[in-house]
Amino acid sequence: MKDIQPDSKPAGMVFSKFKPFFLSCLLLFAASFAYCSSTSEKTVVAKIVQVYGGKDALARVSSLTAEGNITTFMPKDEGTYFLMMKRNRKLLVDIKYTKRTEKRILNGDKGYNGTDEKVALAEGPAYKAMVYQYDQLDLPYGLLDGTFKVRDVQKDRLRGRSVDVLKLTDRSGNEVDIAVDNATHYIVKTSGYFVMGGEKAVLSSELSDFRKAGGVVFPFTIVNYADGFKISVTRIIKYTINPDIGDLVFSP
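Parameters at a glance
- Residues numbered from 1 in each chain as written.
- Predicted model: local features only at pLDDT ≥ 70, side-chain atom pairs only at ≥ 80, totals over all residues.
- Heavy atoms only, no water.
- Phe/Tyr/Trp six-rings, centres within 6.5 Å; stacked < 30°, edge-to-face > 60°.
- Helix = DSSP H or I, 4+ residues; strand = E, 2+ residues; numbered from the N terminus.
- Buried < 20%, exposed > 50% of the residue type's maximum accessible area, 1.4 Å probe, protein only.
- Salt bridge = Lys/Arg side-chain N within 4 Å of Asp/Glu carboxyl O.
- Pairing = 2+ DSSP bridges.
- Contact = heavy atoms within 4.5 Å.
- Polar contact = N/O pair within 3.5 Å; in protein donor to acceptor, adjacent residues only side chain to side chain.
- Core = buried A, V, L, I, M, F, W, Y, C linked by side-chain atoms within 4.5 Å.

Caption draft 1: Spotlight on the packing of aromatic side chains. Counted by the stated rule, this structure contains five aromatic pairs. Geometrically, the ring pair formed by Tyr52 and Phe210 is edge-to-face, given 6.4 Å between the ring centres and 80 degrees between the ring planes. Taken together, the residues Tyr52 in the loop between helix H1 (11-51) and helix H2 (55-59) and Phe210 in strand E11 (residues 199-213) connect sequence positions 158 residues apart. Given a relative accessible area of 4%, Tyr52 falls into the buried group. By relative accessible area, which is 18% here, Phe210 ends up buried. Relative to Tyr239, the ring of Phe220 has its centre 5.0 Å away and its plane inclined at 85 degrees; by these criteria the two rings are edge-to-face. Of the two residues, Phe220 is situated in strand E12 (residues 216-226) and Tyr239 in strand E13 (residues 229-241); the sequence distance between them amounts to 19 residues.

This is the structure in structure tokens:
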């Protein structure tokens, strides 16, 4: 009986023989993966835009105001809530609590905040928090005009619901995650990341009670968290689309 001898050719020679085949398969796999990722991202964004009113309706919104009330838990208080926003990173938030007032102003790359009408320059985390709030308001239109770039899309679950998590970066390099409900395609959670005290911190908001105002969908209930701790609930009573807001409003 003749013994079966192993292949005497070195492994390297065998690989070299089939190297062009292996490389072509690898390139084909990579191209297919990139195509699927891109298609998935575009599909998710298209569904978001559609349920929020469509591209044309979103593009028409250049400014807005929001009126409502807020309840805070650290410290415990409540008050009236008023917000003004214009495209190109302009934001004013004016809150009147039972015992104090709070004002935040974002004007491009400058931010100001304070209490009881004493407003001063805001830097670091205080400034980043205002940028995060503006980014939240700028969605989903910011996905259309290039404000946000999608770095990745992942599957996850939020309070029993299946969601797509889009990991975004805004034009200044700030990281924002949005969780999109697979059933409704509404953005049900946003998370912004920044460094505080040398460690990465996160501000997040859970959004609900979606209704139309001026042909565009908005969340009327926003629950805010800092590093997982619930800090406030904002309930919007009224949104006004495209009010005439002068730029001086955003000067301290």
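Next comes the rest of the description.
Caption draft 2: Main features of the pattern of salt bridges. Scanning the entire structure with this criterion turns up twelve salt bridges. Here Asp247 and Lys86 are joined by a salt bridge, their closest N and O atoms 2.9 Å apart. Placement of Asp247 in the segment after E13 and of Lys86 in strand E2 (residues 76-86) is noted, with a sequence separation of 161 residues between them. For Asp247, a relative accessible area of 42% translates into the label partly exposed.

Caption draft 3: Fine view of the pairing of strand E4 (residues 101-107). In terms of burial, E4 is a largely internal element, five of the seven residues being buried. Bridge count between strand E3 (residues 90-97) and E4: seven bridges; the pairing is antiparallel. Looking across to E4, one finds that Leu92 is bridged to Ile105. The turn joining E3 and E4, which pair antiparallel and follow one another in sequence, is formed by three residues. Taken together, the six bridges between E4 and strand E5 (residues 110-115) define a ladder with antiparallel strand orientation. Residue pairing for E5: Leu106 is matched across the bridge by Gly111. In this structure, the hairpin formed by E4 and E5 is closed by a connection of two residues, where Gly108 is found at a positive phi of approximately 65 degrees.

Caption draft 4: The arrangement of the environment of Tyr127 in detail. With respect to the element layout, Tyr127 can be found in helix H3 (residues 125-138). The spatial distance from the C-alpha of Tyr127 to the C-alpha of Ile105 is 9.2 Å, given a sequence separation of 22 residues. What Tyr127 contacts, discounting residues up to four positions off in sequence, is Arg89, Leu106, Gly108, Asp109, Lys110, Gly111 and Ala122. At a separation of 3.4 Å, a polar atom in the side chain of Tyr127 contacts the side chain of Arg89.

Caption draft 5: Expanded view of the pairing of strand E1 (residues 63-73). A large share of E1 lies buried, amounting to eight of its eleven residues. By the bridge criterion, eleven bridges tie E1 to E2 in an arrangement that is antiparallel. If you follow Phe73 over to E2, its bridge partner there is Lys76. Joining the antiparallel neighbours E1 and E2 is a turn of two residues. As judged from the nine bridges shared by E1 and E13, these two strands associate in the antiparallel manner.

Caption draft 6: Highlighting the nonpolar core. Ile48, Leu83, Leu91, Leu143, Ile178, Ile187 and Tyr239 are the most contacted members of the largest nonpolar core, which has 50 residues in total. What Ile187 contacts, discounting residues up to four positions off in sequence, is Ile48, Tyr52, Leu139, Pro140, Ile178, Ala179, Val180, Leu207 and Phe210. The next biggest cluster of nonpolar side chains, apart from the first, holds six residues, and it includes Met84, Leu92, Ile245 and Phe250.

These values are about where atoms sit, not about what they do.
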